[in-house]
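# Analysis of the macromolecular model
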Amino acid sequence: MIKFFILIILFFIFTFPLSTTGNINETKLFKCAFLVYNDTVFTYFHNKVFINKIILIQRVICIFYNGSILLNDTVVAFNESSYFCPSLSIRNSSHPLGMFYISPNLLGKNISCNNLFFNGTTTSGLYIYYRCTQFLGAKNKLTLYFNSSGIAISGIDVQCECGINESITYYKLWKTNLITNESLPTFPGYTQARVINYNF
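Anyway, here's the lowdown on the structure attached to this text. (Residues numbered from 1 in each chain as written. Predicted model: local features only at pLDDT ≥ 70, side-chain atom pairs only at ≥ 80, totals over all residues. Heavy atoms only, no water.)

Formed by 23 residues in total, the largest nonpolar core has its most connected members in Tyr37 and Phe100. Looking at this core, the elements that each hand over two or more residues are strand S1 (34–45), strand S2 (48–63), strand S3 (68–77) and strand S8 (138–146). When residues of this core are assigned to their parent elements, the largest contribution, three residues, is made by S8. Sequence-distant contacts of Phe100, defined by excluding residues within four places in its chain, comprise Leu35, Tyr37, Leu56, Gln58, Leu142, Leu144, Phe146, Gly150, Ile151, Ala152 and Tyr171. If you look at the next biggest cluster of nonpolar residues, it comprises six residues, including Val36, Ile55, Val76 and Phe187. (Core = buried A, V, L, I, M, F, W, Y, C linked by side-chain atoms within 4.5 Å. Buried < 20%, exposed > 50% of the residue type's maximum accessible area, 1.4 Å probe, protein only. Helix = DSSP H or I, 4+ residues; strand = E, 2+ residues; numbered from the N terminus. Contact = heavy atoms within 4.5 Å.)

Next up, the structure:
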């Protein structure tokens, strides 16, 4: 019995350091973690092109014990010097829908619950993912390029209706505190955008 007990203790002593060192470089979400993207939106309407510059802020408000997170998404519109009302949602922390992040141990795999599909890697080692959605006749194809830390460093979202591109959005990572010691940007003087009610 004592030999068995000693074997169990030795097993834990020798395997515990191995199990913890395997994840030292893994990027994980934490409270107040954020990703900030510079977005350029090209909208096509009546043979005209409208260009909007926006900032997309994705921020973790808190982490729950069951592995989910409370996520805050805020859009800042430079053209109007305003921001839209932040949205809150509860998401899975390893692959949160609404945040351009995938846990590094899931890179290279399909994330079927988010309809996010792996599509190979670039020559520079970025992981390519895409998601196709359809709503009221409009089709969207979102393509994201993730680094080895699980952070999307760029992306493109194409919306089309009846085969005609209506808008194209380009995403570029601007700031994050997941891998660097960055601070969340502020936009003094910007006001909350006015909500307009519309009856369909």
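Further remarks concern the packing of aromatic side chains. Each aromatic ring pair is specified by the distance between its two centres and by the angle formed by the two planes. All told, the structure shown has seven aromatic pairs when counted by the stated rule. Aromatic pair Tyr37 and Phe100: ring centres 5.1 Å apart, planes at 70°, arrangement edge-to-face. In this pair, Tyr37 is assigned in strand S1 and Phe100 in the loop between strand S5 (87–92) and strand S6 (117–121), connecting sequence segments 63 residues apart. For Tyr37, a relative accessible area of 0% gives the class buried. Its relative accessible area of 9% is what places Phe100 among the buried residues. Between the aromatic rings of Phe117 and Tyr130, the centroid separation amounts to 5.9 Å while the plane-to-plane angle is 40°, which identifies the pairing as tilted. Of this pair, Phe117 sits in strand S6 while Tyr130 sits in strand S7 (residues 127–135), and the two are 13 residues apart along the sequence. (Phe/Tyr/Trp six-rings, centres within 6.5 Å; stacked < 30°, edge-to-face > 60°.)

What follows covers the pattern of salt bridges. Taken as a whole and judged by the stated rule, the model has one salt bridge. For Glu182, the salt bridge goes to Lys175, with nearest N and O atoms at 3.4 Å. (Salt bridge = Lys/Arg side-chain N within 4 Å of Asp/Glu carboxyl O.)

It is worth spelling out unusual backbone geometry at this point. With a phi close to 75°, Cys32 is a non-glycine residue in the positive phi region. By the secondary structure assignment, Cys32 is in the loop between helix H1 (2–21) and S1. The backbone of His46 shows a phi angle near 50°, a positive value even though the residue is not glycine. Topologically, His46 is positioned in the loop between S1 and S2. The class for His46 is exposed, based on a relative accessible area of 64%.

To continue, consider the state of the cysteines. Enumeration according to the criterion identifies zero disulfides in this entry. Cys32 provides the cysteine sulfur closest to Cys62, a residue in no disulfide bond, and the two sulfurs are 9.7 Å apart. (Disulfide = S-S within 2.5 Å.)

In this fold, His95 is placed in the loop between S5 and S6. With 55 residues separating them in the primary sequence, His95 and Gly150 have C-alpha atoms 9.3 Å apart.

Spatial relationships are all this shows, so hold off on functional conclusions.
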